[in-house]
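# Summary of structural features
Okay, here's what each chain looks like letter by letter:
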Amino acid sequence: MLPEINGYELLEYVKPMGTPVIFLTAKDGVDDRIKGLKLGADDYIAKPFQIGELSARVEALLRRYGKINKKLSFADVEVDPVSRTVNKAGVQIDLTVKEFDLLVELVQNKFETNK
């Protein structure tokens, strides 16, 4: 339950931006699910849920939107945007969220400027 606005109202603002939407909510009634999906949500998950199911649904949604990137490689560095892992010469490198996101941007930019 969001303060000052409900998920259905928020959906009206987010959907026009082309952002995929998964409702993650305590409302588990069939009518609530139908309403969310008919208003434009891409998926609807009621609490409680298993994190593995949420992860699988996010990956499926990203595949449908064509937003899952394949592994990126540069020199001896391999970046996997899906599992958010980085390997350098076969050794996994631990990065913070910001470091990882920055590395992805840099490697993707390197590929785009070399085309």
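Here the structure is shown first, and the text comes after it.
The following refers to the structure shown. None of these values were measured; they are calculated from a predicted model. (Residues numbered from 1 in each chain as written. Predicted model: local features only at pLDDT ≥ 70, side-chain atom pairs only at ≥ 80, totals over all residues. Heavy atoms only, no water.)

For the rest of this paragraph, the subject is the environment of lysine 110. The residue lysine 110 is located in helix α4 (residues 97–113) in this model. Along the chain, lysine 110 and phenylalanine 74 lie 36 residues apart, while their C-alpha atoms are 8.7 Å from each other. (Helix = DSSP H or I, 4+ residues; strand = E, 2+ residues; numbered from the N terminus.)

The next subject is a nonpolar patch on the surface. Together, Leu2, Leu10, Tyr13 and Met17 make up an exposed nonpolar region whose accessible area comes to about 450 Å². Along the chain, tyrosine 13 falls in helix α1 (residues 7–14). The class for tyrosine 13 is exposed, based on a relative accessible area of 57%. (Patch = residues over 30% accessible without salt bridge, like charges linked within 9 Å, V, L, I, M, F, W, Y side chains within 5 Å. Areas by Shrake-Rupley, 256 points an atom, 1.4 Å probe, with all protein chains shown as cover. Salt bridge = Lys/Arg side-chain N within 4 Å of Asp/Glu carboxyl O. Buried < 20%, exposed > 50% of the residue type's maximum accessible area, 1.4 Å probe, protein only.)

As a general point, the strands of a sheet are linked pairwise by backbone hydrogen bonds and lie either parallel or antiparallel. Taken together, the four strands give an open sheet; going across it, the order is β3-β4-β5-β6, and neighbouring strands pair in antiparallel fashion. Every other strand in the sheet has two partners, leaving β3 (72–74) and β6 (91–93) as the edge strands with one partner each. For this sheet the average axis-to-axis angle between neighbouring strands, irrespective of direction, equals 25 degrees. Bridge analysis of β3 against strand β4 (residues 77–80) gives three bridges, and the strand direction is antiparallel. Across the sheet, leucine 72 pairs through a bridge with valine 79, a residue of β4. (Pairing = 2+ DSSP bridges. Axes fitted to C-alpha atoms, helices over the stretch in contact; angles between N-to-C directions.)

A separate point is the environment of glycine 29. Take glycine 29: it is sitting in the loop between β1 (22–25) and α2 (30–38). As for glycine 29 and valine 107, which are separated by 78 residues in sequence, their C-alpha atoms are 44 Å apart.

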